[in-house]
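What follows is the residue order along each chain.
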Amino acid sequence: MKNIIYYFSGTGNSLRAAVKIAERIGGAEIISVRCVSENISAENATVIGFVCPVYEWDMPGAMKDFVKRIKINPNAYIFMVATYVAIHGKCFETMESLLSQKGTHLHYAYALRCVASQCTAYTPFPPEKIMIPHMEKRIQKISREISVRKNRSYPHMSPITRKLYPKLMIPYMKVEHEYDKGFYTNEKCLGCAVCSKVCPTQNITMQGNRPVWHHRCHGCMACVAYCPTKAIQFKTPQAYEELGTIISKRLCLPEKRKRYHNPFIQATDLMQDRRCIHVKNN
């Protein structure tokens, strides 16, 4: 029996869920979508999981591209957990569509509420002391259900969200490649390269001991959240100012704003592209 969980995680919420699920189902190989898909096939896996956040009411682009490339066992039990705050959008529909092209489908799907981490747009919410215990309790439920191979239909995009999607989300997606032009570092930067090592899209390289962003950013906030000196700053990119929306014009990162990451996930955890969790049977 082989269990594999593929994940995309910026501030650790999705990785935390992946780790706890792996522990409950008797162990699994946990693999970041940063890995080369040809080297991490799931053709021989009996349980295959996908865990990722919801961005722009859909799956992150890096996860979509990864699923398109990966080879999987069409007879495996397949699950997806999407971490989100308010709207899960069409993320499950997107995954189902991609899997159908591979001759299979989702057997289990769950939208897991967590702390919002888009700190360049707003203060992270709900409060950690409230949401983290709630999230941990839900992860236990999810893990328990997956361990017994429960079937759970995926939630669809609501009619209202579907109607609003083209107007509210498509404009942001068109300029997403401009997002990381808002990042820069101040004098606190140590040149430690933590930001480049935790980036889930391998979008950051170090030049002259300073990070450089290469426009493959999904705005996951990993670099911001795990910078040990809070040296990474942000100002609204011109392309977002031109969108003219209330949020796009007010993107910023005040000094006192909380830079959230899941309290159970450290930077070193996100630096590991592959890990094996072994659970001994009593």
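It should be noted that the structure appears before, not after, this text.
The structure displayed is predicted, hence computed values, not measured ones.

(A) Layout of the overall build of the protein. Regarding its fold elements, the protein presents eleven helices and ten strands. By the compact-globule yardstick of 19 Å for 282 residues, the protein fits well, its C-alpha radius of gyration being 18 Å. The dimensions of the protein, computed from C-alpha atoms along their principal axes, are 50 × 45 × 40 Å. Classification of the 282 residues of the protein by burial places 56% in the buried group. Considering only residue pairs separated by 6 or more positions, the protein has 79% of its internal contacts joining residues 24 or more positions apart.

(B) Examining the side chain of histidine 88 more closely. With respect to the helices and strands, histidine 88 occurs in the loop between strand E4 (77-84) and helix H3 (91-100). We classify histidine 88 as buried; its relative accessible area is 16%. The contacts of histidine 88, once residues within four sequence positions are left out, are Val54, Trp57, Ala111, Pro155, His156 and Met157.

(C) H3, seen in detail. Of all ten residues making up H3, eight are buried, and the element is well covered by its neighbours. Among the residues of H3, those classed as buried are Cys91, Phe92, Glu93, Thr94, Met95, Glu96, Leu98 and Leu99. As for H3, its buried residues are in contact with strand E3 (47-53), helix H2 (61-69), E4, strand E5 (108-113) and helix H5 (159-168).

(D) Summary view of the nonpolar core. Formed by 68 residues in total, the largest nonpolar core has its most connected members in Tyr6, Ile48, Phe50, Met59, Phe79 and Met80. The element best represented in this core is E4, accounting for seven residues. Filtering out sequence-adjacent residues up to four positions away, tyrosine 6 remains in contact with Ile31, Ile40, Ser41, Ala42, Ile48, Gly49, Phe50, Val51, Met63, Phe66 and Ile70. Core analysis: the second largest hydrophobic core is formed by 22 residues, Tyr179, Cys195, Leu251 and Leu253 among them.

(E) Representation of the environment of asparagine 44 in the model. With respect to the helices, strands and loops of the structure, asparagine 44 is situated in the loop between strand E2 (27-32) and E3. Classification of asparagine 44 as exposed rests on a relative accessible area of 65%.

(F) Structural detail: the pattern of salt bridges. Evaluation of the coordinates by the stated rule reveals 13 salt bridges. For lysine 64, the salt bridge is made with aspartate 58, and the minimal N-O distance between the two is 2.9 Å. Between lysine 188 and glutamate 255 there is a salt bridge; the shortest N-O distance is 3.4 Å. Of this pair, lysine 188 sits in the loop between strand E6 (183-185) and helix H7 (194-198) while glutamate 255 sits in the loop between helix H10 (246-249) and helix H11 (267-270), placing them 67 residues apart in sequence. In this structure lysine 188 comes out as partly exposed when scored by relative accessible area, which is 34%.

(G) A look at the pairing of E5. A large share of E5 lies buried, amounting to five of its six residues. Pairing of E4 with E5 involves six bridges; the strand directions are parallel. Bridged to tyrosine 84 within E5 is arginine 113. The parallel pair E4 and E5, bridged by H3, forms a crossover whose chirality is right-handed.

(H) The arrangement of unusual backbone geometry in detail. Cis geometry is found at the peptide bond from phenylalanine 125 to proline 126, where omega equals -15 degrees. Among the structural elements, proline 126 can be located in the loop between E5 and helix H4 (128-147). Residue asparagine 209 is not a glycine yet carries a positive backbone phi of 65 degrees. Along the chain, the position of asparagine 209 falls in the loop between strand E7 (204-207) and strand E8 (210-213). One non-glycine residue, histidine 215, adopts positive backbone phi at about 70 degrees.

Scoring rules and cut-offs
- Residues numbered from 1 in each chain as written.
- Predicted model: local features only at pLDDT ≥ 70, side-chain atom pairs only at ≥ 80, totals over all residues.
- Heavy atoms only, no water.
- Helix = DSSP H or I, 4+ residues; strand = E, 2+ residues; numbered from the N terminus.
- Rg over C-alpha atoms; globule rule 2.2 N^0.38 Å.
- Buried < 20%, exposed > 50% of the residue type's maximum accessible area, 1.4 Å probe, protein only.
- Contact = heavy atoms within 4.5 Å.
- Core = buried A, V, L, I, M, F, W, Y, C linked by side-chain atoms within 4.5 Å.
- Salt bridge = Lys/Arg side-chain N within 4 Å of Asp/Glu carboxyl O.
- Pairing = 2+ DSSP bridges.
- Right-handed = clockwise from strand over helix to strand, strands pointing away.

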